[in-house]
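In case you want the letters, here they are:
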Amino acid sequence: MPEIPGANGPDGQVAITREEVAHLADLARIDLSDAELDHLAPQLAVIVESVASISGVAGDDVPATSHPLPVTNVFREDVVVPGLTAAQALAAAPASEQQRFSVPRILGDEQ
Amino acid sequence: MSAGQDWTTRTAAELADALAAGEVTSVELTQAHLDRIAAVDGSAIEGVHAFLHVDAEGALAAARASDERRAAGSPATFLDGVPIAVKDVLTTEGMPTTCGSRILEGWVPPYDATVVARLRAAGLPILGKTNMDEFAMGSSTEHSAYGPTRNPWDLERVPGGSGGGSAAAVAAYEAPLALGTDTGGSIRQPGAVTGTVGVKPTYGGVSRYGLVAMANSLDQVGPVTRTVLDAALLHELVGGHDPRDSTSVDQPLPDLVGAARKGATGDLSGLRVGVVTELQGEGYQAGVQARFTESLDLLVAAGAEVVEVSCPQFVHALAAYYVLMPSEASSNLAKFDAMRYGLRVLPEGVPDPSAEEVMRATRDAGFGDEVKRRIILGTYALSSGYYDAYYGQAQKVRTLISRDFEAAFAQVDVLVSPTSPTTAFRLGEKLDDPLAMYLNDLATIPANLAGVPGISVPAGLAEEDGLPVGFQVLAPALADDRLYRVGAALEAALHARWGGPLTPPELPAGLDRREGASA
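Treat the numbers as computed from the prediction; the structure is a model and nothing was measured.

Trainee: Please explain the overall build of chain A as it appears in this structure.
Mentor: Counting its regular elements, chain A contains three helices and two strands. The helix and strand sequence of chain A, counted from the amino end, reads α-α-α-β-β. Out of the 111 residues in chain A, the part that is buried amounts to 28%. Of all intrachain contacts in chain A linking residues separated by at least 6 positions in sequence, the fraction that spans at least 24 positions is 22%. Accessible surface, chain A: about 7,300 Å² in total, of which carbon and sulfur atoms supply 51%.

Spelled out as structure tokens, the structure:
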């Protein structure tokens with residue numbers, strides 16, 4: 001889990017700052033412009049402040065629910081079923097080459 | 001009224017009967033609905049704008065095949081030949097699927113969602129794909145990248161969301177049936193504000209294979225119709241176990257159509273109905289509350305016993321939801337990385353950009369404001385140091401809400417509330433006020449958190465604005481049949497009072513139909 005330096009928790013006074021929103025957008029790989037940050041940061045602060053109301057509602061004795069109707073160990077018969085062909089899988093690719101997805105370079109200059 | 005308009009105002013069950021009796025062909029029915037779409041749907045600029053894509057050719061081909069099956073004496077199902085609209089979040093082979101997002105503009109999926117495959121196998125011509133808030137995030141359909149859908153009751157108002165397109169298409173007689181998805185109310189709340197029936201089945205009751213996920217532990221596919229019986233027919237058609245969805249419930253559906261028919265006789269004697277204390281009063285519009293109370297009286301008249309039940313943890317449902325849902329959504333939407341499908345945007349002024357730079361530029365250009373808000377919110381709630389305080393705490397609150405449901409269902413058979421606190425609001429009114437927008441789902445969210453099923457049934461028009469009000473019924477998990485019994489009984493009593501179903505005003509026709517017009 002990524003660290004968020006300087007962020008305030010539900011017990012803190014400031015819900016979430018513009019700098020924190022910028023950092024979160026960076027973690028989420030979204031290039032927000034300054035104008036977008038100006039617009040979204042105060043809205044997010046209001047939302048975070050509002051949802052912080054759940055802190056302290058449930059004690060340590062309450063188990064967490066991740067799924068409303070939990071199911072475990074779901075298996076299917078081990079039989080081969082047809083999948084997508086290479087042409088189908090690549091049909092919507094922004095770029096492809098030699099039956100493969102073609103992507104921009106993945107290493108930086110220093111790597 | 002022309003013959004075409006006449007067919008479009010019938011229910012799906014009536015259309016199926018007419019097909020069986022040889023009074024009409026599927027091609028005629030399908031063409032009548034395509035004509036209606038051409039006349040009233042318009043574009044991002046004017047009209048209902050319920051559809052993002054209309055597949056006239058494909059629908060008519062399916063209709064011809066249906067007519068041939070029927071002529072040979074072997075219709076595939078009762079609904080064979082009755083056309084349907086599908087929310088644009090369900091994959092359709094050979095037909096665009098955008099989820100209302102620029103990032104998927106022009107994407108044509110290589111496979112069908114299980115529910116879509118079941119529609120095709122059952123012989124229902126698919127008219128097209130309906131508009132929605134981007135990735136189903138919203139309560140007004142204004143967050144669609146392709147422009148809003150308008151409420152057929154008043155074109156200056158929202159049709160609810162996220163499935164406003166499916167609800168508006170059915171309300172405007174552009175389709176007799178539609179599929180929607182409900183993560184926090186996206187089937188039921190649009191149903192309430194457009195005067196249509198919407199059902200969120202039990203979690204796992206309908207396959208989600210091929211549903212572009214927003215929040216996996218909350219999402220559910222369900223029917224959007226004009227009558228309770230039609231919803232039961234569609235629910236039975238698409239529901240049931242799917243080995244391709246590991247969360248799908250591996251047991252038979254209860255008899256939903258039978259429950260709807262039984263309910264329509266109007267006898268609810270022995271039924272215990274609980275009014276949820278926390279889902280009424282402050283924040284609920286007076287006209288909504290009045291129609292709700294009136295419907296309660298009708299249930300009593302039908303023989304039901306009505307008591308008030310308190311679910312004290314429901315007051316925390318909205319906050320818990322707005323931690324859990326963005327957390328799951330932020331993880332889900334990480335797959336839109338500009339590499340394998342969807343939009344790829346190259347950053348301006350960057351020579352030889354890296355994959356990561358392309359990803360950042362694409363996600364900024366391809367996602368709208370609400371999607372960005374929720375991704376950032378989810379990233380925050382899942383961050384080190386905040387995970388326990390937000391995500392962990394919200395999961396515990398979820399347990400408390402499920403316990404409230406368990407305690408309530410020990411006392412009563414169904415719970416009821418208004419579906420939405422208000423009638424349809426004006427376009428633009430809450431667009432840039434996320435918290436005000438989120439409050440629309442106050443009464444629908446608890447069911448998603450606990451995985452229980454819910455239905456919204458039209459309960460009449462609010463006195464102050466003449467707009468539709470929805471009555472919500474909630475049942476225990478896997479007891480979806482109770483929704484149909486109670487819903488059909490209420491519908492029968494209300495129709496008897498009104499002298500028929502609710503009918504929206506005449507819509508302007510002869511609009512210029514265009515797809516993909518910018519917002």
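Further notes follow.
Trainee: Before we go on, may I ask you to explain the pairing of strand E11 (residues 468–474) of chain B in this structure?
Mentor: The side chains of a regular strand alternate between both faces of the sheet. Residue and element names in this part refer to chain B. In terms of residue burial, E11 counts as a mostly covered element, since seven of its seven residues are buried. Here strand E9 (residues 414–418) pairs with E11 via four bridges, running antiparallel. Counterpart to Ser417 in the pairing with E11 is Gln472. When strand E10 (residues 454–461) meets E11, the two strands line up antiparallel, connected through six bridges. Counted as the bridge partner of Pro458 is Gly470 from E11. Hairpin connection of E10 to E11: six residues between the antiparallel strands, including Gly466 at a positive phi of 65°.

Trainee: Mind showing me how you'd approach the packing of aromatic side chains here?
Mentor: Each aromatic ring pair is described using two quantities: the centre-to-centre distance and the angle formed by the ring planes. Residues and elements named next belong to chain B. Here the structure, examined in full by the defined rule, presents 14 aromatic pairs over all chains. When the centroid spacing of 5.3 Å and the interplanar angle of 45° are considered together, the rings of Tyr387 and Tyr391 count as tilted. The exposure class of Tyr387 is partly exposed, given its relative accessible area of 29%. By the ring-pair criterion, three or more aromatic residues cluster together here, those being Trp107, Phe135, Phe336, Tyr341 and Phe367. The ring of Phe425 carries the charged tip of Lys430 above its face, separated from the ring centre by 4.3 Å.

Trainee: Mind showing me how you'd approach unusual backbone geometry here?
Mentor: Excluding glycine, most residues fall at negative phi; most peptide bonds, likewise, are trans. That bond from Gly161(B) to Ser162(B) is cis: its omega, 10°, falls within 30 degrees of zero. By the secondary structure assignment, Ser162(B) is in the loop between strand E3 (126–130) and helix H6 (164–171). A positive phi angle, close to 50°, is found at Gln98(A), a residue other than glycine. By the secondary structure assignment, Gln98(A) is in the loop between strand E1 (96–97) and strand E2 (100–101).

Trainee: What's the story with the side chain of Lys200(B) in this structure? I'm lost.
Mentor: Residue and element names in this part refer to chain B. Structurally, Lys200 can be placed in strand E5 (residues 197–200). Although buried, Lys200 forms no salt bridge, and the nearest oppositely charged side chain, Asp182, lies 6.2 Å from it. Reaching out from Lys200, the side chain makes a polar contact with the backbone oxygen of Val452 at a distance of 3.1 Å. In contact with Lys200, other than residues within four places in its own chain, are Asp182, Arg188, Gln220, Ala447, Asn448, Gly451, Val452, Pro453 and Gly454.

Trainee: In this structure, what is going on with the nonpolar core? I would like to understand it.
Mentor: Generally speaking, soluble globular proteins have nonpolar side chains that are buried together. All names here are of chain B. With 146 residues, the main nonpolar core has Leu90 and Phe135 as its most contacted residues. The element that contributes the greatest number of residues to this core is helix H11 (residues 317–332), accounting for ten residues. Those residues in contact with Phe135, other than ones at most four positions away along the chain, are Cys99, Ser101, Ile103, Leu104, Val212, Met214, Leu333, Phe336, Phe367 and Val371. Membership of the second largest hydrophobic core comes to 20 residues, among which are Val48, Ala85, Val170 and Ala175.

Trainee: Honestly, the pairing of E3(B) in this entry has me stumped. Any pointers?
Mentor: Residue and element names in this part refer to chain B. E3 sits mainly inside the fold: five of its five residues count as buried. Relative to E3, strand E1 (residues 51–54) runs antiparallel, the two being bridged by three bridges. Directly across from Phe51, in E3, lies its bridge partner Thr130. Handedness of the strand E2 (residues 84–87)-helix H5 (residues 114–122)-E3 crossover: right-handed.

Trainee: What's the story with the sheet that holds E10(B) in this structure? I'm lost.
Mentor: As a general point, the strands of a sheet are linked pairwise by backbone hydrogen bonds and lie either parallel or antiparallel. Residues and elements named next belong to chain B. Read across the open sheet, the eleven strands follow the order E1-E3-E2-E4-E6-E5-E10-E11-E9-E7-E8; overall the sheet is mixed. In this open sheet, the two edge strands, each paired with only one partner strand, are E1 and strand E8 (305–309). Averaged over all pairs of adjacent strands, the angle between their axes in this sheet comes to 25°, without regard to strand direction.

Trainee: I'm lost on the interface of chain A and chain B in this one. Help?
Mentor: Interface extent is often summarised as the accessible area lost during association of the parts. Taken together, the contacts link 61 residues of chain A with 64 residues of chain B. Buried area between chain A and chain B, both sides added, is near 5,500 Å², and the carbon and sulfur share of it is 66%. The largest per-residue losses of area from chain A upon contact with chain B belong to Arg29(A), Ile54(A) and Arg105(A), which jointly make up 12% of the total buried on that side. For the interface between chain A and chain B, the tally reads four salt bridges. As a salt-bridge pair, Arg105(A) and Asp352(B) come within 3.1 Å of each other at their nearest N and O atoms. At the junction of chain A and chain B, the tally comes to 18 residue pairs in polar contact (both at pLDDT 80 or more). Breaking the side of chain A that touches chain B down by element, the ones donating at least two residues are helix H1 (18–27) and helix H2 (34–51) of chain A. For the side of chain A that touches chain B, the leading source of residues is H2(A), giving ten residues. Classifying every residue of the side of chain A that touches chain B by side-chain character gives 40 nonpolar, 14 polar and seven charged.

Trainee: It is not clear to me how a nonpolar patch on the surface should be interpreted in this structure. Could you clarify?
Mentor: Judged by side-chain polarity, Phe101(A), Val103(A), Ile106(A) and Leu107(A) come together as a nonpolar surface patch covering roughly 380 Å² of accessible area. Along the chain, Val103(A) falls in the segment after E2.

Trainee: Hey, could you run me through the packing of helix H3 (residues 26–40) of chain B against helix H4 (residues 56–71) of chain B in this one?
Mentor: Angle between the axes and distance between the axes: these two values describe a pair of packed helices. Residues and elements named next belong to chain B. Taken N-terminus to C-terminus, the directions of H3 and H4 make an angle of 160°; their axes are 8 Å apart at the nearest point. Comparing their axes, H4 and H3 come out roughly antiparallel. For the pair H3 and H4, the sense of crossing is right-handed. Residues Ser26, Val27, Thr30, Gln31 and Leu34 of H3 pack against Ala56, Ala59, Leu60, Ala63, Arg64, Ser66 and Asp67 of H4.

Cut-offs used in this document
Residues numbered from 1 in each chain as written. Chains lettered and ligands numbered in written order. Predicted model: local features only at pLDDT ≥ 70, side-chain atom pairs only at ≥ 80, totals over all residues. Heavy atoms only, no water. Helix = DSSP H or I, 4+ residues; strand = E, 2+ residues; numbered from the N terminus. Buried < 20%, exposed > 50% of the residue type's maximum accessible area, 1.4 Å probe, protein only. Contact = heavy atoms within 4.5 Å. Areas by Shrake-Rupley, 256 points an atom, 1.4 Å probe, with all protein chains shown as cover. Pairing = 2+ DSSP bridges. Phe/Tyr/Trp six-rings, centres within 6.5 Å; stacked < 30°, edge-to-face > 60°. Lys NZ or Arg CZ within 6 Å of the ring centre and 35° of its normal. Lys, Arg positive; Asp, Glu negative; His and termini not counted. Salt bridge = Lys/Arg side-chain N within 4 Å of Asp/Glu carboxyl O. Polar contact = N/O pair within 3.5 Å; in protein donor to acceptor, adjacent residues only side chain to side chain. Core = buried A, V, L, I, M, F, W, Y, C linked by side-chain atoms within 4.5 Å. Right-handed = clockwise from strand over helix to strand, strands pointing away. Axes fitted to C-alpha atoms, helices over the stretch in contact; angles between N-to-C directions. Buried area = accessible area lost by both parts, 1.4 Å probe. Nonpolar A, V, L, I, M, F, W, Y, C, P; charged D, E, K, R; others polar. Patch = residues over 30% accessible without salt bridge, like charges linked within 9 Å, V, L, I, M, F, W, Y side chains within 5 Å. Parallel < 35°, antiparallel > 145°, perpendicular 65-115°, else oblique. Left-handed = near helix turned anticlockwise from the far one by under 90°.

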